[in-house]
Amino acid sequence: TPLSSHMRRSSRKSLGMRRRRAGAMLGATPTCPATLRAALIFLAAQSLLLVAGDDAVCDAKSRGGCSLESEHSLSWRVAEYADGRRRLVYGGPFVEETFAAHGFAQPVANHDWDLLWTHFPQNTALQDLSLPPRDFRLVNHAGYFSAAGQKCRLAGHFKRVEAALDLGGRRRFLRTYQMANRTEHAAWRAAMRENPGRYWVLKTCAGAGSRNVTILNAADESAAGAVAGKWYVAQEYMHGALTSAGGRKFHARLYIFVPRWSPVGVLLYEDGIIFRSRHTHNDDQPSQKHDVFSSISNDVEPLSL
């Protein structure tokens, strides 16, 4: 979801990989490397300055990190407007400590906040409020983009983008079909028959943690037919994927934030994570156990990026 991130700082095995810092504004004045240690704090604090104007952008030649100076200290609220409850901070003590270390005072209970940081979206409550005038505010839930975290809606979003751009059949992403749409389900079955050896990944629309994920091909007639009209997506399996030493599969997880569209501004957090399988990958016969993963386990090791 917008402004969400991986909060747990797991111990990471070092491979001697050179750390790269990135905190650049694309389409605007280049910024200096970002120095904040937590992805969300970097995104929240920097975006609050960016929406205030280009004066907040650092000089590309400066060293030692970007300044987060502001006319007032940054304030945040964690209590939800719906019931006024102050739940545990979303992200836990790590978030509280890191916010405090980078200029945020203790959470407020009134309307005097720059950042609203809650567990659940507050769209309805905010629409009914008359907040005091303020130059800018940031909310950690963006309800206008419902495709975030929902695979079926994301598949529909990509189809609309593809149609709007008139790509003429060219695509830079894997084919995805929505099983709830019986026309798309039939098109997927036809694609399977065209290439019986190709594998596909079947996922629930709102699943997480690699749960309810199945690798199958045209030979799995029963499983392919059972999802017709249900909330699943079928996506091409990436054959011939790049592997690391020893032929092991991996994927990288990076965090970006887009605080504005015109001119386009993109913030890339400097730290990323690589999840790498501990097993050799066989592209001709993918393994349900070893080739489907999105978290650290006995079969998957974390690496710093």
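Since this is a predicted model, take the numbers as computed values, not measurements.

How should I be thinking about the overall build of the protein in this particular structure?
Along the backbone of the protein there are 6 helices and 12 strands. The buried share of the protein, taken over its 305 residues, is 38%. Within the protein, contacts between residues at least 6 apart in sequence are counted, and of these 66% link residues at least 24 apart. For the protein, the exposed surface amounts to about 17,400 Å²; the carbon and sulfur share of it is 52%.

Where do I start with unusual backbone geometry in this structure?
Across the chain, the bulk of peptide bonds are trans and the bulk of non-glycine residues have phi less than zero. The residue N212 is not glycine, and still its phi comes out positive at about 55°. You can see N212 is positioned in the loop between strand 5 (200-204) and strand 6 (213-216). Under the relative-accessibility criterion, N212 is labelled exposed at 52%.

Looking at this structure, how should I read the confidence of the model for the protein?
On average, the protein scores 74 in pLDDT, and the residues at 70 or more come to 74%. Low pLDDT, under 50, characterises residues 1-39; the predicted model gives this stretch 110 contacts beyond four residues in sequence or across chains. Below pLDDT 50 for its whole length, residues 48-70 participates in 44 contacts with residues either more than four positions away or in separate chains.

Would you take a moment to explain the pattern of salt bridges for this structure?
Throughout the structure, instances matching the rule amount to 9 salt bridges. The closest approach of N and O atoms between R175 and E236, which form a salt bridge, is 3.1 Å. Linking R175 in the loop between helix 4 (151-165) and strand 4 (176-178) with E236 in strand 7 (residues 232-236), this pair joins segments that are 61 residues apart in sequence. Between E301 and R278 there is a salt bridge, with the nearest N and O atoms lying 3.8 Å from each other. Pair noted here: E301 is in strand 12 (residues 300-304) and R278 is in strand 11 (residues 273-280), with a separation of 23 residues, a long-range link.

Whenever I open this one, the sheet that holds strand 3 (residues 138-139) confuses me. Can you help?
Strand order in the open sheet made by the 3 strands is 1-2-3, with parallel pairing throughout. Either end of the sheet is taken by a strand with one partner, and the two such strands are strand 1 (76-77) and strand 3. The sheet contact formed by strand 1 and strand 2 (residues 115-116) spans 2 bridges and is parallel. Note on strand 2: the bridge partner recorded for W76 is L115.

I would appreciate a short explanation of a nonpolar patch on the surface in the present structure.
A cluster of nonpolar side chains, contributed by F145, L154 and F158, occupies part of the molecular surface with about 220 Å² of accessible area. In this structure, L154 sits in helix 4.

Help me understand the packing of aromatic side chains in this model?
Here the distance between the centres and the angle between the planes together describe a pair of aromatic rings. In the structure shown here, the tally under the stated rule is 8 aromatic pairs. Three or more aromatic residues joined by ring pairs form one cluster here, namely W76, Y90, F99, F104 and W117. When the ring centre of Y81 is taken as reference, the NZ or CZ atom of R77 above it lies at 3.7 Å. Stacked on the ring of W113, the Lys or Arg R137 has its end atom at 4.6 Å from the ring centre.

Before we go on, may I ask you to explain the sheet that holds strand 8 (residues 248-253) in this structure?
Picture the strands of a sheet paired through backbone hydrogen bonds; they go either parallel or antiparallel. Taken in spatial order, the 3 strands make up an open sheet running 8-11-12, and their pairing is antiparallel. Where the open sheet ends on each side, the last strands, each with one partner, are strand 8 and strand 12. Taken over all neighbouring pairs, the strand axes of this sheet differ in orientation by 25° on average, direction set aside. In this structure, strand 8 lies alongside strand 11, joined through 5 bridges in antiparallel fashion.

Whenever I open this one, the state of the cysteines confuses me. Can you help?
Such a bond, covalent and formed between the sulfur atoms of two cysteines, is termed a disulfide. With the rule as written, the count across this model stands at 1 disulfide. With a sulfur-sulfur separation of 1.6 Å, C152 is cross-linked through a disulfide to C205. Linking C152 and C205, the disulfide has an S-S dihedral of approximately -45° and is accordingly described as left-handed. Of this pair, C152 sits in helix 4 while C205 sits in the loop between strand 5 and strand 6, and the two are 53 residues apart along the sequence. You can call C152 buried: its relative accessible area is 3%.

What counts, and where the lines are drawn
Counting from 1, residues in each chain are numbered in the order their sequence is written. Per-residue local features are limited, in this predicted model, to residues with pLDDT of at least 70; the limit for side-chain atom pairs, both in listing and counting, is 80 or more; totals at the level of whole chains, interfaces and linings are taken over all residues. Calculation of side-chain values draws on the structure's entire complement of heavy atoms; hydrogens and water are dropped beforehand. In this description a helix means any DSSP run of H or I spanning at least four residues, a strand means any run of E spanning at least two, and both kinds are numbered starting from the N terminus. Burial here depends on accessible area, computed with a 1.4 Å probe over protein chains only, as a share of the maximum for the residue type. Under 20% is buried, over 50% is exposed, and the range in between is partly exposed. A contact between two residues is defined here by any heavy atoms of the two lying within 4.5 Å. Here the Shrake-Rupley method, with its probe set to 1.4 Å, supplies the accessible areas, and only the displayed protein chains count as covering residues. What pLDDT conveys is the predictor's confidence in a given residue, as a value from 0 to 100. Every case where a carboxyl oxygen of Asp or Glu lies within 4 Å of a side-chain nitrogen of Lys or Arg is listed as a salt bridge. Two strands make a pair as long as DSSP finds a minimum of two bridges between them. The patches reported here contain residues having more than 30% relative accessible area and no salt bridge. Joining distances are 9 Å for like charges and 5 Å for nonpolar side chains (Val, Leu, Ile, Met, Phe, Trp, Tyr). In summary, the pairing rule links any two rings of Phe, Tyr or Trp, Trp by its six-membered ring, whose centres are within 6.5 Å, and it sorts them by plane angle into stacked for under 30 degrees, edge-to-face for over 60 and tilted for everything else. Here, a charge over a ring means that NZ of Lys or CZ of Arg falls within 6 Å of the ring centre while also lying within 35 degrees of the ring normal. Angles run from 0 to 180 degrees between N-to-C directions of axes, and those axes are lines fitted to C-alpha atoms, restricted for helices to the stretch in contact. We call a pair of cysteine sulfur atoms a disulfide whenever their separation is within 2.5 Å.

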